[in-house]
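Architecture and fold: a report
Next come the chains, spelled out residue by residue.
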Amino acid sequence: QHIPPCPYSIHNAFFGTPTITTTSTESTTYPNPIFDKIQQLRSIPCIAVQGTDDFITPPDTVLDLHDVWPELEIRLVEENGHSQYDPGMAVELV
């Protein structure tokens with residue numbers, strides 16, 4: 001489970017290295033190539049399942065994504081973390 005994300009991370013999600021600015025309450029600029037490609041993704045139905053106790057990818061990250069992809073459906077799973085094996089996450093993912 002930990003090995004597949006390594007090449008993904010090393011190669012910046014295979015998107016390159018653009019910079020974006022979010023529309024959240026605090027304007028923050030940081031590298032996030034997905035935001036530059038968001039127009040290509042917006043027509044694809046997508047559900048983001050996010051644990052509220054996720055310390056690896058905090059819930060704020062999915063809210064930033066929703067700022068630029070309003071069609072994205074978000075499912076916040078209370079008292080669950082990052083793992084797909086957390087009980088509530090498993091229910092949402094299956």
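Everything that follows concerns the structure shown earlier in this document.
The rules behind each value
Residues numbered from 1 in each chain as written. Predicted model: local features only at pLDDT ≥ 70, side-chain atom pairs only at ≥ 80, totals over all residues. Heavy atoms only, no water. Helix = DSSP H or I, 4+ residues; strand = E, 2+ residues; numbered from the N terminus. Buried < 20%, exposed > 50% of the residue type's maximum accessible area, 1.4 Å probe, protein only. Contact = heavy atoms within 4.5 Å. Areas by Shrake-Rupley, 256 points an atom, 1.4 Å probe, with all protein chains shown as cover. Salt bridge = Lys/Arg side-chain N within 4 Å of Asp/Glu carboxyl O. Core = buried A, V, L, I, M, F, W, Y, C linked by side-chain atoms within 4.5 Å.

Before going further, it helps to examine the overall build of the protein chain. Regarding its fold elements, the protein chain presents 5 helices and 4 strands. Across the 94 residues in the protein chain, those meeting the buried criterion constitute 23%. Here the analysis covers contacts within the protein chain between residues at least 6 apart in sequence; of these, 50% occur between residues at least 24 apart. By element, 59% of the accessible surface of the protein chain is carried by carbon and sulfur atoms, the whole surface being about 6,600 Å².

The next point concerns unusual backbone geometry. Look at Glu 79: it is not a glycine, yet its phi comes out positive at around 55°. Its relative accessible area of 69% is what places Glu 79 among the exposed residues.

Our focus in this paragraph is the environment of Val 68. By secondary structure assignment, the location of Val 68 is in helix α4 (residues 59–68). Linking Val 68 and Gln 39, residues 29 residues apart in sequence, is a C-alpha distance of 9.0 Å.

Its location among the elements puts Leu 63 in helix α4. Taking the C-alpha atoms as reference, Leu 63 lies 8.4 Å from Ile 74; in sequence the two are 11 residues apart.

For the rest of this paragraph, the subject is the pattern of salt bridges. Using the criterion set out here, one finds 3 salt bridges in the structure. Between Arg 75 and Glu 73 there is a salt bridge, with its nearest N and O atoms 3.1 Å apart. Given a relative accessible area of 37%, Glu 73 falls into the partly exposed group. Among the charged side chains, a salt-bridge network with shared partners connects Glu 73, Arg 75 and Glu 92.

Another point: the nonpolar core. In terms of nonpolar packing, the biggest core is built from 8 residues, these being Phe 35, Ile 38, Ala 48, Val 62, Leu 65, Val 68, Trp 69 and Leu 72. Residue contributions to this core peak at 3 residues, all from α4. When neighbours within four sequence positions are excluded, Ala 48 is seen to be in contact with Val 62, Leu 72, Glu 73, Ile 74 and Arg 75.

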